[in-house]
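Results of the structural survey
One letter stands for each residue in the lines below.
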Amino acid sequence: MQKRRSVAFHTLGCKLNFSETSTLSRLLEADGFEKKDFDDNADVYVINTCSVTDNADKECRQLVRRIQRKAPESLVVITGCYAQLKPKEIAAIPGVDLVLGAAEKFNITRHLKELHKNDSAKICSCDIETVTGFNTSFSVNDRTRTFLKVQDGCDYSCSFCTIPMARGKSRSDSIDNVIRNTKELAAKGVKEIVLTGVNLGDFGKGPDGEKHTQNFYQLIQELDKVEGIERYRISSIEPNLLTNDIIQFVAESKRFMPHFHIPLQSGSNKILGLMRRRYRKELYAEKVAVVKQFMPHCAIGVDVIVGFPSEDAAAFNETFEFLHNLDVSYLHVFTYSERDNTKALEINPVVAMHTRYERNKILRNLSYQKLQYFTAQHAGQTRKVLFEDHNKNGMMEGYTDNYIHITTPYRHEWANAIVEWKM
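Here is what the cut-offs are and how they apply
Residues numbered from 1 in each chain as written. Predicted model: local features only at pLDDT ≥ 70, side-chain atom pairs only at ≥ 80, totals over all residues. Heavy atoms only, no water. Helix = DSSP H or I, 4+ residues; strand = E, 2+ residues; numbered from the N terminus. Pairing = 2+ DSSP bridges. Expected span 1.5 Å × (residues − 1). Buried < 20%, exposed > 50% of the residue type's maximum accessible area, 1.4 Å probe, protein only. Arc of directions from axis to C-beta. Contact = heavy atoms within 4.5 Å. Polar contact = N/O pair within 3.5 Å; in protein donor to acceptor, adjacent residues only side chain to side chain. Core = buried A, V, L, I, M, F, W, Y, C linked by side-chain atoms within 4.5 Å. Salt bridge = Lys/Arg side-chain N within 4 Å of Asp/Glu carboxyl O. Axes fitted to C-alpha atoms, helices over the stretch in contact; angles between N-to-C directions. Parallel < 35°, antiparallel > 145°, perpendicular 65-115°, else oblique. Left-handed = near helix turned anticlockwise from the far one by under 90°. Nonpolar A, V, L, I, M, F, W, Y, C, P; charged D, E, K, R; others polar. Phe/Tyr/Trp six-rings, centres within 6.5 Å; stacked < 30°, edge-to-face > 60°. Lys NZ or Arg CZ within 6 Å of the ring centre and 35° of its normal.

A separate point is the environment of F33. The topology assignment puts F33 in the loop between helix 1 (15–30) and strand 2 (34–36). In this structure the C-alpha to C-alpha distance between F33 and S6, which are 27 residues apart in sequence, comes to 5.2 Å.

A few words now on the sheet that holds strand 11 (residues 192–196). Across the sheet, which stays open at both edges, the four strands sit in the order 7-8-11-12 with mixed pairing between neighbours. The open sheet has two free edges, formed respectively by strand 7 (137–138) and strand 12 (231–234), since each of these has just one partner strand.

Right, let's talk about helix 12 (residues 313–324) for a bit. Since the α-helix turns once every 3.6 residues, residues separated by three or four places project in the same direction. Compared with an ideal rise of 1.5 Å per residue, which puts twelve residues at 16 Å, helix 12 spans 16 Å between its outermost C-alpha atoms and is within 8% of the ideal. Within helix 12, the full set of buried residues consists of A315, F316, T319, F322 and L323. Projected onto a plane normal to the axis of helix 12, the buried residues spread over an arc of 125° and lie on a single side. Where helix 12 is buried, its residues touch strand 13 (259–265), helix 10 (269–275), helix 11 (281–294), strand 14 (299–306), strand 15 (330–335) and helix 13 (353–376).

Along helix 8 (residues 216–223), the positions that sit buried rather than exposed are F216, L219, I220 and L223. Buried residues of helix 8 fall within an arc of 90° about the axis and therefore sit on the same side. Buried-residue contacts for helix 8 involve helix 7 (175–187), strand 11, strand 12 and helix 9 (244–252). Two or three places before Y217, at the opening of helix 8, N215 has a side-chain oxygen 3.1 Å from that residue's backbone nitrogen.

In this section: the nonpolar core. Core analysis: the biggest nonpolar cluster contains 52 residues, and L195, F216, F256, F260 and L363 have the highest contact counts within it. Residue contributions to this core peak at five residues, all from helix 7. Not counting the four nearest positions on each side in its chain, L363 is found in contact with V304, V306, F316, T319, F320, L323, L331 and V333. Ranked by size, the runner-up nonpolar core spans 22 residues in total, among them A8, F38, V76 and A91.

Under the counting rule described, the total for this entry stands at 30 salt bridges. R61 serves as the salt-bridge partner of E89, at 3.6 Å between the closest nitrogen and oxygen. Here E89, found in helix 4 (residues 87–91), pairs with R61, found in helix 2 (residues 54–70); they are 28 residues apart in sequence, far enough to count as distant. On the accessibility criterion, R61 (25% relative accessible area) is partly exposed. Residues joined in a network through salt bridges with shared partners are E20, K105, K149, D152, R167 and R171.

Turning to the pairing of strand 18 (residues 405–409), a few remarks are in order. Sheet topology note: the strand 17 (residues 395–400)/strand 18 ladder contains five bridges and is antiparallel. Paired with G398 across the two strands is I406, which belongs to strand 18. Linkage of strand 17 to strand 18, two consecutive antiparallel strands, is achieved through a turn of four residues, within which Y403 is found at a positive phi near 65°.

A word on the sheet that holds strand 2. Pairing is parallel across the open sheet formed by six strands, whose spatial order is 2-1-3-4-5-6. Two strands close off the open sheet at either side, each with one partner strand: strand 2 and strand 6 (122–124). Mean inter-strand twist for the sheet, computed between neighbouring axes without regard to direction, equals 20°. Note: strand 5 (residues 98–100) against strand 6, three bridges, orientation parallel.

Contact pair helix 9 / helix 11: the axes reach a minimum separation of 9 Å and the direction vectors enclose 25°. Taken as axis vectors, helix 9 and helix 11 run roughly parallel relative to one another. The hand of the helix 9/helix 11 crossing is right-handed. Contacts between helix 9 and helix 11 involve N244, I247, Q248 and A251 from the former and K287, V290, V291 and F294 from the latter. Residues belonging to the contact of helix 9 with helix 11 are distributed by class as follows: five nonpolar, two polar and one charged.

Further remarks concern the packing of aromatic side chains. Given two aromatic rings, their pairing is described by the distance between the two centres and the angle made by the two planes. Counted under the stated rule, the structure contains twelve aromatic pairs. When the centroid spacing of 5.4 Å and the interplanar angle of 80° are considered together, the rings of F38 and Y45 count as edge-to-face. Y45 shares its class with F38; the two are buried. Pairing Y399 with Y403 gives two aromatic rings, centres 4.5 Å apart and planes at 10°, and the pair type is stacked. What makes Y403 partly exposed here is its relative accessible area of 27%. One aromatic cluster in this structure is built from Y217, Y232, F249 and F256. The ring of F38 has K70 sitting right over it, with the charged end atom 5.7 Å from the ring centre.

This is how it looks when you write it as structure tokens:
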């Protein structure tokens, strides 16, 4: 009897990547593979890469070296954004056997049947312009929360970003198919769905990139009707696509959580222009004000980049003051990283690396203060917490409806349950 082959996965990057890794795992398990932990010995290792920062590229190379030391006879497959952008560079890494670009990642089972160790690394990629299909993906690691991909690709041309080159044009699932997937997840006992995409607010373009026939507002209205799912979160939405209708609908919904993640990137209009962002800081402040008008208790997360070319001390201070005075809950701070084939490489002057790191530290400290203040505002309130079924040294974790992190001693009856919690 033939021994079952085993596979282990590692995901770098965003929630979208986690949803796709989970789908790849299910494809291989359906084909007879046994799933293993990445730290275990496996016959095949799959690394789903990100390429938003230089750090993600380095981490991919480090993981391959680790596998080579631990299991030199195992097959190594690289997919994801880094694989689409630099397939030849990845194929040259000792130990890599297969590089799957954006169009081929979901054909992984077929490619593995044709793959043998010690062959030269095989590249299965194509020009990103030819990638027009949409592949449904969702993560099912436990019953508590899942990431559901409803949109992929991006038609924006931000000067720092490689994602359109790595994922192609904006395209979406249909509302009908999203609803089918949602009902399937409800039947599995999932309590919370996080809607994910590259440019989520641009939902509605068909698989071949045709013009919008549906939109994100229509999607959330239909999702709100599905019985069995108790919570939805919107993973990230551009400020220019976050309409007042969406905000008001979330405020009135019992299922959509009072939590938005809205990328800003800079609080300087000069820098926003150089970044080719599609709004000015005044619009961003207006959106935050509308959210807080309808939901004073709403959590608002912010993406911000420090050290973008030509960000002088005045522009950084403008960003700091803007964020300091803004009623937001936490920041995700990114240090600008040069990316090949982006327009930002043509912008001068370049900010010194030590200055970038100093600015990152300053904004991370501001984020800590913001989160402490936001949490303290809810002291004495009772909010609903969804606890995860993970026993971490006798403790369990969960999040309130408005995304405040809670830890408490593990109780089995609270696992995957929504509990009324006194803050």
